[in-house]
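Here is what each chain is made of, one letter per residue.
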Amino acid sequence: MSGAKDETKVVAFDVASDKAEDPEAQNASAEVTKPEVEKPRKLPRLTFMYWLAKILATTLGEVFADMFSQTYDFGYQVTSEVFFGIFVVGLIIQLITTRYVPPIYWLVIISSSLAGTCISDMMDRNIFAKEKAGYAVGYAKGMSLLLGILLALFITWRCSGHSLSVTGPMTRIAEFLYWACIIVSNTLGTAVGDFTSDNLELGFAGGTCLYGGLMLLSAILAVCTPISRVGLFWVWFVLTRPFGATFGDLLTKNKVAGGLQVGTKVTSMIFGLPLIAVVIFIVYAEWCWIPLPFEPPAWVKRLQKFGDKPLFTFNRKPAVDVN
C-alpha cells in the first residue's frame, strides 16, 4: 500500500513539473492574467478652460469668417473653400495622431467654426452681388436641412454601437462621427442664430440671451438632475455655436441692424488673443512635463490648478487617462 501511495505521489509530481516546465502553458497563463492596456484618449478633458476656449472659438469663428467674406470682400465661396480646406487638412492630422495633441485639436475646432460660418452664409443668404451670391435656401430651410443631417449623424452613431461619450478613448469610427457632428453643428449654429435674430425678430441681443439662458439651464440640469450627461454635453456643445454666432453679430453689426458696431477686425482681436492665451495655457497644462526656462509665478500655478478642475463637465465618473 505504501508503494502505491508513493507511486501516486511521483506521478502527481511529474504532471505538475511538466506543466511548470511547459513554456506554452506559462505564456497562456500570462496572457489570461495580463491586463488590457487602454488606448490613449484623443479628445481633451471637459474642464472650465475647455468650455472657455470653445466659446471663444465659436465667437471668433463667426466674426473672423465675416471679416474675410464681407469686410475684405472675398465672398462666401472663396472663404468657404479656404477654411474648409484648412479644416480637412487639420482633421487628417488629427485622425492620424494616436493621442490628444492640443494644438492640432484646437486648430480643427477653430477651422470648423470658420468653415461652418461661411458655408451656412453661402447656403442661406442671397446677396445681390454676383461674386457673393449664395444658394438662397433661406435661414429656415437651411436650419431644417442641417438639423436633419445632425440628427441623422447622431442616430447613425447610436446605432453603430459606439459610445457617444467623449471622455475616454474612442474608436476610429466614433472619432470620425464626432468630427462630422462638429462641422455640421458649427454650420447649423450660424443658421440657427441668424434664424432667431432675423426671422423670429429677436435681434442679436435677444438671441444671445436666449442661447445663453439655454446653456445655463442645461448646466443646471447636469448638476441637479440624473439626466444623461452625455446627452447634456452634446446639447451644451451645440448651443455654444448659435450663442457665439449671435454674440459675434451683436458686437460687429452696425447699430441700424441692432449691433454695437465694434467691427470684425477689432472683435477678432478681442476674441482671438484670449483664445491663443487659453490654448497656450491648455497646452502647458496637458504637457506640464516640458521644462520652462523660468519658475512660473504663484498666480499662474493657482490658475492652472483652477483650470484643471472638471467644472462644467457632464460625466459622473472621471475618464481614465493614459499618458
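First, a word on what this report is: a plain description of the structure on this page.

How each quantity is defined
Residues numbered from 1 in each chain as written. Predicted model: local features only at pLDDT ≥ 70, side-chain atom pairs only at ≥ 80, totals over all residues. Heavy atoms only, no water. Helix = DSSP H or I, 4+ residues; strand = E, 2+ residues; numbered from the N terminus. Buried < 20%, exposed > 50% of the residue type's maximum accessible area, 1.4 Å probe, protein only. Contact = heavy atoms within 4.5 Å. Axes fitted to C-alpha atoms, helices over the stretch in contact; angles between N-to-C directions. Parallel < 35°, antiparallel > 145°, perpendicular 65-115°, else oblique. Left-handed = near helix turned anticlockwise from the far one by under 90°. Nonpolar A, V, L, I, M, F, W, Y, C, P; charged D, E, K, R; others polar. Salt bridge = Lys/Arg side-chain N within 4 Å of Asp/Glu carboxyl O. Phe/Tyr/Trp six-rings, centres within 6.5 Å; stacked < 30°, edge-to-face > 60°. Lys NZ or Arg CZ within 6 Å of the ring centre and 35° of its normal.

1. As for the overall build of the protein chain
The secondary structure content of the protein chain amounts to 11 helices and zero strands. Ordered by position from N to C terminus, the α and β elements of the protein chain give α-α-α-α-α-α-α-α-α-α-α. The 323 residues of the protein chain split such that 44% are buried. When contacts within the protein chain are restricted to residue pairs at least 6 apart in sequence, long-range pairs at least 24 apart make up 74% of them.

2. Side note on the packing of helix α8 (residues 203-224) against helix α9 (residues 229-252)
Close contact between α8 and α9 brings their axes to 8 Å; oriented N to C, the two are set at 160°. With respect to their mutual orientation, α8 and α9 come out roughly antiparallel. The handedness of the crossing between α8 and α9 is left-handed. For the contact of α8 with α9, the class distribution of residues is 17 nonpolar, six polar and two charged.

3. Some points on the pattern of salt bridges
Close approach of charged atoms lets side chains of opposite charge pair. Tallied over the full model, the rule gives two salt bridges. Of the charged contacts, one joins K42 and E175 as a salt bridge, the two residues approaching to 2.9 Å between their closest N and O atoms. Taken as a pair, K42 in the loop between α2 (23-33) and α3 (48-71) and E175 in helix α7 (residues 172-199) lie far apart in primary sequence, 133 residues in all. Using a relative accessible area of 6% as the deciding quantity, one classes K42 as buried. With relative accessibility at 2%, the residue E175 sits in the buried group. The residue E62 makes a salt bridge to R241 at a minimum N-O spacing of 3.7 Å.

4. Quick look at the packing of aromatic side chains
A complete count under the given rule lists 22 aromatic pairs for this structure. The ring of F237 has K54 sitting right over it, with the charged end atom 4.3 Å from the ring centre.

5. What about the environment of Y139?
Assignment of secondary structure puts Y139 in helix α6 (residues 139-159). Judged by relative accessible area, which is 15%, Y139 ranks as buried. For the pair Y139 and D194, spaced 55 residues apart in sequence, the C-alpha to C-alpha distance is 6.8 Å. When neighbours within four sequence positions are excluded, Y139 is seen to be in contact with D124, R125, A191, D194, F195, D198 and N199.

Note that all results are geometric; they support no functional claim without further evidence.
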